[in-house]
Amino acid sequence: MELKYVPTTCPYCGTGCGFNLVVKDGRATGIEPWHRAPVNSGKLCQKGRYAHEFIHSKDRLVKPLVRKNGQLVEASWEEALDLIAGKFMTFRPEEFACLSSAKVSNEDNYLMQKFSRAVLKTPNIDHCARLCHSSTVAGLAAVFGSGAMTNSIADLEESKCIFIIGSNTLEQHPLIGRRVMLAKKRGAKIIYADPRRTPTAKQADLYLSMYSGTDVALLNGLMHHIIEKGREDREFIGKRTKNYEAMKTVVMQEAYSLPEVSKITGVPEDNLKIAAEWIASSKPSALIYSMGITQHTVGVDNVRSTANLMLLTGNLGVPGGGVNPLRGQNNVQGACDMGCLPDVYPGYRKVADPETRRKMESLWGVSGLPEKPGTTVTELMEELAEGTSPVRCLYVMGENFMLSDPELNRVRKALEHLDFLVVQDIFLSETAKFADVVLPATCYAEEDGTQTSTERRVQRLRKALDPPGEAKADWRIICELAGRLGYGPQFSYPGEAEIFEEITKAVPQYGGISYGRLENPESLQWPCPDRSHPGTPILHTEKFATPDGLGEFSAVEWAPPAEVPDAQYPFILTTGRNIWHWHTGTMTRRSETLDSEVRTGWVELHPLDAEKLGIENREKVRVLSRRGEIEIPAMVTEDIKPGVVFIPFHFRECAANLLTSGALDPVAKIPEYKACAVRIEKIEPVEQKEPAEKKEPAEQKEGKP
Ligand code: SF4
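Residues numbered from 1 in each chain as written. Predicted model: local features only at pLDDT ≥ 70, side-chain atom pairs only at ≥ 80, totals over all residues. Heavy atoms only, no water.

1. Considerations on the overall build of the chain
- A tally of regular secondary structure across the chain gives 24 helices and 28 strands.
- Computed over C-alpha atoms, the radius of gyration of the chain comes to 24 Å, within 12% of the 27 Å expected from 2.2 N^0.38 for 705 residues, which places it in the range of a compact globule.
- Seen through its C-alpha atoms, the chain measures out along the principal axes to roughly 70 × 70 × 55 Å.
- A total of 705 residues make up the chain; the buried ones form 65% of that total. (Helix = DSSP H or I, 4+ residues; strand = E, 2+ residues; numbered from the N terminus. Rg over C-alpha atoms; globule rule 2.2 N^0.38 Å. Buried < 20%, exposed > 50% of the residue type's maximum accessible area, 1.4 Å probe, protein only.)

Shown next as structure tokens:
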């Protein structure tokens, strides 16, 4: 019997916990603590604890599938890759788009954007950061010169006050939630603002129960009070910032006085006052946010507002302070760093900059790289659905937009306008079912690589198992395709370490990192520009990364969501996650333990609303928006604000994204997942209510849906 413990990094959230994957006779049998892991000291949440269970699922893709006569049938790699290469040769650059993935390694992501730009010559490369943190990248880069989390997870313990807004930290980033709780034990005050009384709210010292979509009003109100009482940090503002007066002019308007803000947000005036005073008087104070802030048509404004508050109170560049956006998936940060965005090359260097383009052409040994930024995935879906996009061929690595994108009926329509769809994934996802060719890929346990956590920490993924059947690593598939298209020499790598070597040349922030350095002390936080650099736990300690080194205040006015409740659709719908499941559920719904805890979705509504509608707890109801409808069990709970309803988006049988709005932030092009208008209808008498039924995970069905 062969037994081994392979230290690696969790494939779920952006916290980046390490664990030992236990392998017995070639099969993953469990997860054990890895006590030296820098982020979590051996501790794990439920998802990490059972991260081995989906690996050997009977649903894993083990052979390529090719569509013949409308059916997906097994094919050899030769046949599948030859077919793709032959088809790819028939499209022009503007007819391609590629989607990379925040779930796969830096090496896979780096090669996907290189393939897109250097082989297909298309600028249309994007990934799911568009849907979660593109507002962070745009908003924080404008203010600080860098779109990343400013501080480290560990130094939250130094905070005297932690203000969490739009992040259910204890459930969605539990090992960051642990640091928050440790700070609380040491006396820090915890303030929490959200429309739902989540487990994070229940641990907070002060809960601000706000309406979804009122973040800028709330933040401006807090700043109004701080300035009115003379509690701003004048020394910090004078030495390290600019544009203060413009911001002050906006927030000091009567519209942002606490009585007015209380009316907009639904938060009692006294609670707003306490929050403002705690933040201003506790040094250092940290701010944490996540998708409750970013996923709005004003996502970039929301992000800039959070930065305003921390600049105003002088809480940047210090341990225990900072603006800390918590990335959702395991490698969102890395996929952005690798340049899987339509406007930037690896290292966030602008696509439109001729000097950068020349450097990339020289590094990659190619010519004719695209000169203009490409299309974002959200705009692509909109244009495809309207029939105005030139794109005819889509190459997708590990994305499941048929469940994760807003307005799913529109996404379905968008796919009908494609001539050729290639999906590589580990399961036959909702998206893969539409493909012309499906390629079986490896999961986190079956290849070497690196991923970068929310705190800019680059860590190793280590191969522990052989892939199932004929599945191959994403990067190997990309290289084989590049070879067939005449780019073999530019995509010739003996292994993952050599790809990483190239990454260190393309991404200045990773310049000093190597696989060797990631053995001891196991991880490094970028920027790490050279081989002697120790990495950077806290950004902006001396100056900001802006051209003049100053942090820039933004004058931001509150604007309501694109769609507000009315007589026909009287509720605000907000969507999100559940602690037992992950994203579109492809992995967690195939984990026996996690799936047995929560079998399907639900809609949360307040007892006052339920009473008005005559709805009882667990009764199946119909939820409708202007874009679609679903049937779903009701959960009647006081943990949500009256007038607001919540649906987790993991479950395809009651997909929240059939209802959500495709309205976009004008800068980041992120959809407004956190606020749209819906109505709820009763569909059956209380006495006929049924318990929530278990739905089987997706079968490997043949035939285009
Ligand atoms: Fe994995 Fe995130 Fe849980 Fe850590 S907190 S074990 S990274 S899911």
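2. Focus: a nonpolar patch on the surface
- Residues Met1, Leu3 and Tyr5 make up a contiguous nonpolar surface patch of roughly 370 Å² in combined accessible area.
- Look at methionine 1 and you get exposed, because its relative accessible area is 74%. (Patch = residues over 30% accessible without salt bridge, like charges linked within 9 Å, V, L, I, M, F, W, Y side chains within 5 Å. Areas by Shrake-Rupley, 256 points an atom, 1.4 Å probe, with all protein chains shown as cover. Salt bridge = Lys/Arg side-chain N within 4 Å of Asp/Glu carboxyl O.)

3. Here we look at the confidence of the model for the chain
- For the chain, the mean per-residue pLDDT works out to 93, and 97% of the residues sit at or above 70.
- Every residue in residues 692–705 scores below 50 in pLDDT, and together they form 44 contacts with partners more than four places removed in sequence or on other chains. (pLDDT = per-residue confidence, 0-100. Contact = heavy atoms within 4.5 Å.)

4. Digging into the sheet that holds strand E2 (residues 18–24)
- Across the sheet, which stays open at both edges, the 3 strands sit in the order E1-E2-E3 with antiparallel pairing between neighbours. The open sheet is flanked by strand E1 (3–9) and strand E3 (27–33), the only strands paired with a single partner. The average undirected angle you get between the axes of adjacent strands in this sheet is 30 degrees.
- In terms of strand pairing, E2 meets E3 through 6 bridges, oriented antiparallel. Residue pairing across strands places leucine 21 opposite isoleucine 31, the latter belonging to E3. (Pairing = 2+ DSSP bridges. Axes fitted to C-alpha atoms, helices over the stretch in contact; angles between N-to-C directions.)

5. Observations regarding the site of the ligand
- What surrounds the ligand is the set Cys10, Tyr12, Cys13, Thr15, Gly16, Cys17, Leu44, Cys45, Gly48, Pro174 and Leu175.
- Taken together, the residues of the shell around the ligand break down into 8 nonpolar, 3 polar and no charged. (Near = heavy atom within 4 Å. Nonpolar A, V, L, I, M, F, W, Y, C, P; charged D, E, K, R; others polar.)

6. Comments concerning the packing of aromatic side chains
- Under the criterion given, the structure shown has 17 aromatic pairs.
- Ring centres 6.4 Å apart and planes at 50 degrees place the aromatic pair phenylalanine 88 and phenylalanine 115 in the tilted group. Of this pair, phenylalanine 88 sits in helix H2 (residues 77–88) while phenylalanine 115 is found in helix H3 (residues 106–119), placing the two residues 27 residues apart along the sequence. Each member of the pair, phenylalanine 88 as well as phenylalanine 115, is classed as buried.
- Taken together, the ring pairs in this structure connect Phe88, Phe91, Phe96, Phe115, Tyr395, Phe420 and Phe491 into an aromatic cluster.
- It is arginine 49 that lies over the ring of tyrosine 50; its NZ or CZ is 5.4 Å from the centre.
- Positioned above the aromatic ring of tryptophan 582, the side-chain terminus of arginine 577 is 4.3 Å from the ring centre. (Phe/Tyr/Trp six-rings, centres within 6.5 Å; stacked < 30°, edge-to-face > 60°. Lys NZ or Arg CZ within 6 Å of the ring centre and 35° of its normal.)

7. A closer look at the environment of proline 373
- Among the structural elements, proline 373 can be located in the loop between helix H17 (354–364) and helix H18 (377–386).
- C-alpha separation for the pair proline 373 and threonine 136, spaced 237 residues apart in sequence, amounts to 19 Å.
- Excluding residues within four positions of it along the chain, proline 373 makes contact with Pro123, Pro342, Asp343 and Val351.

8. Describing the sheet that holds strand E12 (residues 285–289)
- Strand order across the open sheet formed by 5 strands is E10-E9-E8-E12-E13, with parallel pairing between neighbours. Edge strands, defined here as strands with exactly one partner in the open sheet, are strand E10 (206–209) and strand E13 (323–325). Each neighbouring strand pair of the sheet contributes to a mean axis angle of 15 degrees, computed without reference to strand direction.
- Examined bridge by bridge, E12 and E13 share 3 bridges and lie parallel to one another. Residue pairing in the sheet places leucine 287 in a bridge with valine 323 of E13.
- Running at roughly 155 degrees to strand E8 (residues 161–165), helix H9 (residues 215–228) makes contact with E8 and E10 of the sheet.
- Its contacts with the sheet place helix H13 (residues 269–281) against E8, strand E9 (189–194), E10 and E12, and it is angled at close to 130 degrees to E10.

9. Considering unusual backbone geometry
- At the junction of lysine 283 and proline 284, the peptide bond is cis and its omega measures out at 0 degrees in the coordinates.
- As for its position among the elements, proline 284 is in the loop between H13 and E12.
- In this structure, the amide linkage connecting tryptophan 526 to the following residue, proline 527, adopts the cis form with an omega of 0 degrees.
- Non-glycine residue aspartate 25 carries a positive phi angle of around 50 degrees.
- As for its placement among the helices and strands, aspartate 25 is situated in the loop between E2 and E3.
- With phi around 45 degrees, histidine 583 is a residue other than glycine that occupies positive phi space.

10. Quick look at the domain arrangement of the chain
- By the assigned domains, the chain splits into domain 1 (3–49), domain 2 (65–127 + 349–525), domain 3 (134–325) and domain 4 (571–682).
- Of note, the centres of domain 1 and domain 2, computed from C-alpha atoms alone, are 26 Å apart.
- For the domain 1 and domain 2 pair, buried surface summed over both sides reaches about 1500 Å², with 54% attributable to carbon and sulfur atoms.
- Taken as a group, Thr9, Pro11 and Pro38 account for 31% of the area that domain 1 buries against domain 2, more than any other trio of residues on that side.
- There are 0 salt bridges connecting domain 1 and domain 2.
- The element contributing the most residues to the side of domain 1 that touches domain 2 is E1, with 5 residues. (Domains from an automatic or database assignment. Buried area = accessible area lost by both parts, 1.4 Å probe.)

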